[in-house]
Amino acid sequence: MDKHPWLPNLSSIEDMLKEIGVNDIEDLFKDIPKEVRLNRLLNVGKGKPLSEYEIAKEIEEKSSKNVKLKVPPFIGAGICPHYVPYAVKFIISRSEFYTSYTPYQPEISQGLLQALFEYQSLIAELLEMEVVNASMYDWGSALAEAVLMANRINSRKTILVPENINPYHKEVLKTWIQGKGLKLEEVKYDRETGTINIEDFERKINDNTTAVYIQQPNFFGNFETEIEHIVDTAKHKKALTIMGVNPLSLGLIKPPGEYGIDIAVGDGQELGLPLNFGGPLMGILAVRWDMTLVRQMPGRIVGITKDMSSNIGFTLILQTREQFIKREKATSNITTNEALMAIANAVYLSLLGKEGIRELAEEIYYRSHYAAKKLEQIRGVKKLFNSDFFEEFVIRFPVNYDKIHEKLKKIKIQGGLKLSDFTALFCVTEVHDKDAIDLLAATIEEAINDVETS
Amino acid sequence: MMWRQAKWDEPLIFELSNNKGKQGILINKDERIRNEIKNMSIPKKLLREKAPELPNLSELEVVRHFIRLSQMSFGVDTGIMPLGSCTMKYNPKIEEKAPEITEEHHPLEDEDYVQGILEMIYELQNWFSEITGMDECSLQVPAGSAGEFAGVLMIKKYHETHNRQYKDEMLVADTAHGTNPASAAMAGYKVIYVKSNNEGLVDIDILREIVNDKTAGFMLTNPNTLGLFEEKILDIAKIIHSTNGVLYYDGANLNGILGITRPGDMGFDIVHLNLHKTFAVPHGGGGPGAGAICAKSELVNYLPYPIVEKVHGKYKLSKIPKNSIGKIATFYGNVGNLARSYVYLLGLGPQGIELVGKMSTLATNYLIAKLRDVKELELIAPNRPRKHEVVFSAKKLAETTGVTANDIAKALIDNGFYAPTIYFPPIIEEALMIEPTETEPKEELDKFANTLRKIVEMAKLKSENILNSPTNTAVKRLDQVYANHPSTITPTYRVLRLRREGKINYLK
């Protein structure tokens, strides 16, 4: 091959070899033992380098093998469909941002650092917590790192989590804590309200509890109502408190800071990121103004400083916690995070502003309540829990949900997430209008009728 | 040619906001729904009393603010970023078409709806197995370090399954990336460092002495962080395997040997890949990246799930390895970025990917040759060829002129180049770790080498010029003490605001 758009030096090989003083590129690999040399082409790609035109064709072909849904999916479970403003896409497409590396040289990366500082600051206001890092991979890994933090602080071995937190986060948590020998203990939830069973919580918290985790709203979309009591009890037992939040819901409900929570986690996916088939997502991690917590935080943090002429500037701070310096004593192994997604969150929150976030949260609230109401009008269909909810809710059907799923599939609708044979979790946001919700309800009604008349 | 970076006195976004009647986006309100659901029924005690202190701005103001910030930033599209071990190669623009495959799709959609995505993941799994010489890959890990963590958890579970709980030591080369010991410690291992010899390679005699029944595994990268290939890799593998240890490959440095040799053929058992390094995913100023974790023979049973499989012509996410460590990320990893690597590999094909290893190695050794006569930049084992990167020591220059590796870095950025990785690996004093990659044109390498040479000359003649740099960037050299001091540390605007209001003080 004598030319390729991504390999600019194919025509300079001779000159470069001459400068080096060798005759052949092979001479630069003579230290690799013959036994381990590949000596054949790798079987990757489509057998030859494709032109850009051919690549575009391949992408379109792959894309066409996916099904284009009639309306956005009615499925959430930790990641929800939302509208992404063009300004967000436009700004994160600025190649000074998206082709840059972690800002190790702050003087030449001021814009990136300021943008990340603003992300941290906007999230801090939303959560009412003082210290936010520059991002984790996703909610699940942020939760896992929060629990590992708690263990480093109090050396206790059990993490108390309610059954009604996101099960995908729970799976991630289990993986991440196995190395340190931590144990996960589950607290039951009340079958009527779908919220934490306080008696069971009180029974299970003890002197081995490193931290208590609660999710607000919880996996079923229900609001937890006894957070104050849980926080008080945990403090009394000297366990840390970790709260998982849906950031958009904070346009309406009380933030973790107001409860005196130690560590808050969540996912910024709902703040201007597309679904991406589950990644990249955007892990949020924040703590109170307390050195014990800050010193144990994982990940990068940007802070304000000044330069030699006393101008304001930004730089990475508290780097002595990180693996470059601390190696096996580091607070975490994380290096690559989700910085560009953090910038997307910052742009999104800046566009929404103080009032926009409330309006959007209200709109999501109304729409999800309309959808629940509409579904409940179908004979035999009920909401499973009697608590108030946000964005997501669980519906119980009189027929097996598989039958409903099949019917929805016929018109290319993605319904809720099946939780059991007769229940499913639905997600409704600002991208689902009345027509879309009505279509969902009508199709479900038909599916139920089909089963009942067959 | 004098280079200058844009410099805006750009206020914080909070300080730009002064007018309540502004909003950067309108919320689409469905009045028909509002007419049906008239009230909210959230219990009063749960309601937020005070709106969050977010700024109020029009769309234009938000856009201008962030565009100005972008102008005070530097990426590969701006110029060379020769960050050793971070592999900042060019990110081909066609990659930005890739998210068309994934963007609109929810990870829990019916598998029938996302056959295109699953097929792409399946093909990539196979390609990465082929590239690494491993039997199976999981693309569940969202970054390289998450892959490392998955890898050591696999090693741990593997030994536990075989009743070898006594294996509680993880060996790590003293030149290793900081993530290696950090990952091992997170998995509960005691970290044992393996010293390098004076050629910069693993000291086989020391290794023989260290390895015993407690050795769970050895985390190694080859080529190592000095850019040197561990020639005795087959002996190393034999020593580790002799006590049932697992040889782990840190894929961060794969770029220089891509298509030339494979970790699997060198005796490694588990490999992680950093797709944002070797496979050209943009790094986004810190991320998102993407990763892969691959394993050989019986270790594939421990890979994180799910793995895509093909059953009767259909792609499914159902494959859960028998002894899987579990899930590392909430869903399936950074699939949007997997699609970018997919495009990159389509564009290279078998012939192109072999040239990546060759051309990046050529570029590294060319740069060394261009700097051969700069006596103040010293090399360990100067006669050995380098692969992906080279580490110079500026110790002599620091001793004679007071100009350190950090000062050289600042002088480079003053000339419009991003700096190399500095002070790493820790075994080299005043280290400058340079990785040019295969995508930088020879002309750019010439410019970079000439500038580095001039900086060294300037340091000897008039060191204060270097010590005061940078001056052509948006800000001058920054005060790290002020940034980190408990009385001035300011990680958010909220802290700045509360401090001004006298509501918080020292970080205690």
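Residues numbered from 1 in each chain as written. Chains lettered and ligands numbered in written order. Predicted model: local features only at pLDDT ≥ 70, side-chain atom pairs only at ≥ 80, totals over all residues. Heavy atoms only, no water.

To continue, consider the sheet that holds strand 2 (residues 169-173) of chain B. All names here are of chain B. Overall, mixed pairing links the seven strands, which are arranged 1-7-6-5-4-2-3 in an open sheet. Two strands bound the open sheet, and with one partner strand each, they are strand 1 (136-138) and strand 3 (190-194). Averaged over all pairs of adjacent strands, the angle between strand axes in this sheet comes to 25 degrees, irrespective of strand direction. As paired elements, strand 1 and strand 7 (residues 291-295) share three bridges and run antiparallel to each other. Its bridge partner lying in strand 7, Glu 136 is registered against Ala 295. (Pairing = 2+ DSSP bridges. Helix = DSSP H or I, 4+ residues; strand = E, 2+ residues; numbered from the N terminus. Axes fitted to C-alpha atoms, helices over the stretch in contact; angles between N-to-C directions.)

Before going further, it helps to examine the UniProt feature "domain: Glycine cleavage system P-protein N-terminal" (unreviewed entry) in chain B. The positions that UniProt labels "domain: Glycine cleavage system P-protein N-terminal" (unreviewed entry) are, in the present scheme, residues 37-308 of chain B. As annotated, residues 37-308 of chain B comprises 28% helix and 13% strand, and the C-alpha atoms at either end are separated by 43 Å. (UniProt positions renumbered as here; feature names shortened; annotations may be inferred.)

On to the domain arrangement of chain A. Residue and element names in this part refer to chain A. Domain boundaries assigned for chain A yield domain 1 (11-59), domain 2 (86-348) and domain 3 (354-453). The gap between the C-alpha centroids of domain 2 and domain 3 is 30 Å. Taken together, the contact between domain 2 and domain 3 spans 23 residues of the former and 21 residues of the latter. Interface of domain 2 and domain 3: buried area, both sides summed, is about 1,700 Å²; carbon and sulfur atoms make up 65% of it. The interface formed by domain 2 and domain 3 includes zero salt bridges. (Domains from an automatic or database assignment. Contact = heavy atoms within 4.5 Å. Buried area = accessible area lost by both parts, 1.4 Å probe. Salt bridge = Lys/Arg side-chain N within 4 Å of Asp/Glu carboxyl O.)

Let us now look at the environment of Ile25(B). Within the secondary structure, Ile25(B) is located in the loop between helix 1 (13-16) and helix 2 (31-36). For Ile25(B), a relative accessible area of 19% corresponds to the buried category. What Ile25(B) contacts, discounting residues up to four positions off in sequence, is Pro85(A), Leu351(A) and Leu352(A). (Buried < 20%, exposed > 50% of the residue type's maximum accessible area, 1.4 Å probe, protein only.)

Quick look at the interface of chain B and chain A now. The accessible area lost on association of the parts is a frequent measure of interface size. At the junction of the two partners, chain B supplies 223 residues and chain A supplies 199 residues. Summed over both partners, the interface of chain B with chain A buries about 18,700 Å², with 63% contributed by carbon and sulfur atoms. Summed over the shared surface of chain B and chain A, the number is 22 salt bridges. Here Lys62(A) makes a salt bridge to Glu123(B), at a shortest N to O gap of 3.3 Å. For the pair chain B and chain A, the number of links is 119 residue pairs in polar contact (both at pLDDT 80 or more). (Polar contact = N/O pair within 3.5 Å; in protein donor to acceptor, adjacent residues only side chain to side chain.)

This part is about the pattern of salt bridges. Under the definition given, this model contains 74 salt bridges over all chains. The salt bridge partner of Lys373(A) is Glu36(B), with a shortest N-O separation of 3.7 Å. Here the residue Lys373(A) occupies a position in helix 13 (residues 339-376), and Glu36(B) occupies one in helix 2, the pair thus bridging two chains. Residue classification places Lys373(A) among the partly exposed residues on the basis of a relative accessible area of 32%. When the shortest N-O distance is used, the salt bridge between Glu444(B) and Lys447(B) registers 3.5 Å. Placement of both Glu444(B) and Lys447(B) in helix 13 (residues 442-461) is noted, with a separation of three residues, approximately one turn of the helix. Among the charged side chains, a network of salt bridges with common partners joins Lys46(A), Glu61(A), Lys62(A), Lys65(A), Glu119(B) and Glu123(B).

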